[in-house]
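Geometric and topological summary
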Amino acid sequence: MRRLNKNYGDPPKFSDLGGGDISRDQQTRFGLNPLKLMGCFVVCLMGLSVLFSISIILKDSSPNSIWAVADARVLDNDMASPRDFDQEDDPMESRVKHKKKLHSAGFEHEDKLLGGLLSSRFDQDSCLSRYESASYRKESPYKPSSFLISKLRRYEALHKRCGPYTESYNKTVTKLRSNGMIEEEASDCKYLIWVSFSGLGNRILTLGSAFLYALLTDRVLLIDRGVDMDDLFCEPFPEVSWLLPLDFPIYDQFKTLNQKSPECFGSIVSNNSSSSSSSSGYVYLHLVHDYDANDKLFFCDQDQSFLQNVPWVIMKSDNYFIPSLFLMPSFEQELLTLFPNQQTVFHFLGRYLFFPTNPIWGLITRYYNSYLSQADEKIGIQVRVFDTRPGPFQYVLDQILSCSLHNNFLPEINQNESSVTPKNQISKAVILTSLSSGYFEKIRDMYWEYPTVTGEVIQVFQPSHEGYQQTGKKMHNRKAWAEMYLLSLTDKLITSSWSTFGYVAQSLGGLNPWILNKPENETTPNPACTKAMSIEPCFHAPPFFDCKTRSGIDTGEVVPHVRHCEDMSWGLKLVNPIGVNVA
């Protein structure tokens, strides 16, 4: 084609016609010499050949199809050499590449602020994912309420006024450091400190819970950075950090705080005494799965009042406790106004708070562009096995396949034919996450060795297989966060019972998953999976307590928007009472 374009577009030169050795005088004198006639004849033949070739191309192919072939060639080259999940190069490369693909496909997301959920007062390059994530996922069918948007803007102003090293912060820290012995003008800022604790999925869910509690009680949320919180997440609030300064007076005491601590909320309210908190200047909330009846009084209005005047509240939790906040009369009406559709609480809180830092965004975008971006449909399968023996296990594999096939996530294979004429050449990319590589390998090989009965092209990918959970390891948590986010970018999702990893993915993505039922006695359950009631996570250890009568009650039967979980019968989750679900 390059040769044709050159001949067609460039005028012929005399040197090309074989007449370079004839003088100008001879050419003038003998204007019709044989060589000149032969050159003209050759030029005419070449011109006719070019015109004929062009007419054939235009007859068989429209201009659009020619460009489509060119684009396909470029994308095929991208897919032929996918980037490795661990490759540490500049995320800006993936950024430019993705924008080019969006432009060539004819669309770009304009709503970078997610319907007003996000503030516009950020430096975009400091956190690429904040403004680029919208172009990697489908637009959410849910919109944040105007009340939630205004509440977030008011909180951001509070955080700017009271955040680390502001005048108000310094005053309250000075008083805490002196155990209240120094008389100073009281600050109007109150704080909630979230202590980094447990696995990454639990940390994300509990941090979301802590933030909502801070919103409801006008407290400033500051977080213990633990091993890697500053490595995993961008700063969510403009201009002032949410990271608790390392010189905070009692930072070193966080690890030792427990139910036996004199500052523990449960023991203080059960003894009807505030002397412990007044002497130390703070109260410790123990909302971990092993909390007792006294700790659970946190969810009673009459006991909450004790916390109103405490400047520093320190919280340790591994629970998504938001459903029980909806059962508290003092919070219920405001929560219903903030979230008219109750199944969207963590969907919005998660999209507001949790954006991957640039190195992790590089992991996500490189993997997405290499493996997932060109598929017609993206399917996520999250596998968490609680069996401590080394896997993979056949009964788990059978369960994954049963759920996938019976609910039309994946097509059946044809073991009697070596190939099947495709009726519809649809491609599906499956991203499977698991600590073991065994399930991925079995499913990948199945679709490699046999054609599908539908003719669909199935590609199966697994970003990592770490073998076992490594809670304190930075790179392990980077990969875990990247995989949660990749799952949230899929079109359909299968998750595992009891897994906070899956809860995070489904809520961020606004995906109503099919949940793999928990196996018993190493047997594949029948049915293999259950459709979730909502996109919300499950509160695994809720209180069953009536605060007014001080007696037991089924808290899953109090209001229509708080129900028992599908995967944990005693757990609580938020649902939309109208019954609207996301497919």
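Calculation rules
- Residues numbered from 1 in each chain as written.
- Predicted model: local features only at pLDDT ≥ 70, side-chain atom pairs only at ≥ 80, totals over all residues.
- Heavy atoms only, no water.
- UniProt positions renumbered as here; feature names shortened; annotations may be inferred.
- pLDDT = per-residue confidence, 0-100.
- Contact = heavy atoms within 4.5 Å.
- Buried < 20%, exposed > 50% of the residue type's maximum accessible area, 1.4 Å probe, protein only.
- Helix = DSSP H or I, 4+ residues; strand = E, 2+ residues; numbered from the N terminus.
- Pairing = 2+ DSSP bridges.
- Right-handed = clockwise from strand over helix to strand, strands pointing away.
- Axes fitted to C-alpha atoms, helices over the stretch in contact; angles between N-to-C directions.
- Disulfide = S-S within 2.5 Å.
- Phe/Tyr/Trp six-rings, centres within 6.5 Å; stacked < 30°, edge-to-face > 60°.

Looking at an unreviewed UniProt entry, one finds the protein chain named Fucosyltransferase and attributed to Lactuca virosa. UniProt annotates the protein chain under Function (unreviewed entry) with the comment "May be involved in cell wall biosynthesis." Turning to the protein chain, the UniProt annotation filed under Sequence similarities (unreviewed entry) states: "Belongs to the glycosyltransferase 37 family."

Caution is warranted with low-pLDDT regions, since their predicted coordinates should not be read in detail. When the pLDDT values of the protein chain are averaged, the result is 83; 77% of them are 70 or greater. Here residues 52–84 scores under 50 on pLDDT; set against residues more than four positions off or in separate chains, the count is 21 contacts. Note that residues 99–110 has pLDDT below 50 and, in this model, 13 contacts with residues that lie over four places away or in other chains.

The next subject is the pairing of strand 6 (residues 427–433). With seven of seven residues buried, strand 6 lies mostly within the body of the structure. Of the two faces of strand 6, the one lined by Ser427, Ala429, Ile431 and Thr433 and the one lined by Lys428, Val430 and Leu432 are each fully buried. Where strand 5 (residues 377–382) lies against strand 6, six bridges are found, and the strand directions are parallel. By the bridge assignment for strand 6, Gln382 is matched with Thr433. This β-α-β element, strand 6 to helix 19 (residues 438–449) to strand 7 (residues 457–461), shows right-handed connectivity.

Overall, mixed pairing links the six strands, which are arranged 7-6-5-8-9-10 in an open sheet. Unpaired on one side and paired on the other, strand 7 and strand 10 (529–531) mark the two borders of the sheet. Each adjacent strand pair in this sheet contributes to an overall mean axis angle of 20°, direction not counted. Where strand 8 (residues 492–496) and strand 9 (residues 514–516) come together, three bridges link them in parallel fashion. Its bridge partner being in strand 9, Ser496 is matched across the sheet by Leu516. Running at roughly 160° to strand 9, helix 18 (residues 394–406) makes contact with strand 5, strand 8, strand 9 and strand 10 of the sheet.

Once that is clear, we can look at the state of the cysteines. Per the stated rule, a full pass over the model turns up five disulfides. The disulfide partner of Cys127 is Cys234, and the gap between their sulfur atoms is 2.1 Å. On the S-S bond that ties Cys127 to Cys234, the torsion sits near 90°, and the link is right-handed. With Cys127 in the loop between helix 5 (91–105) and helix 6 (128–132) and Cys234 in the loop between helix 10 (229–232) and helix 11 (265–270), this residue pair connects regions lying 107 residues apart in the sequence. Neither Cys127 nor Cys234 differs from the other in exposure class; each is buried. Within the protein chain, bonded cysteines paired by disulfides and numbered along the sequence follow the pattern 1-4, 2-3, 5-9, 6-7, 8-10.

As a further point, take the packing of aromatic side chains. Within the structure shown, the criterion is met by 34 aromatic pairs. Plain terms: the ring middles of Trp481 and Tyr485 are 5.6 Å apart, the flat faces sit at 90° to each other, and that makes the pair edge-to-face. Here Trp481 pairs with Tyr485, and both are found in helix 20 (residues 474–488), just four residues apart, close to one helical turn. Of the two residues, Trp481 and Tyr485, neither departs from the other in class, the shared state being buried. Plain terms: the ring middles of Trp498 and Trp570 are 5.9 Å apart, the flat faces sit at 75° to each other, and that makes the pair edge-to-face. Separated by 72 residues along the polypeptide, Trp498 in the loop between strand 8 and helix 21 (500–509) and Trp570 in the loop between strand 11 (562–564) and strand 12 (572–574) bring together distant segments of the chain. Take Trp498: its relative accessible area is 28%, and that puts it in the partly exposed class. One aromatic cluster in this structure is built from Tyr136, Phe233, Tyr320, Phe346, Phe354, Trp361, Tyr368, Trp481 and Tyr485.

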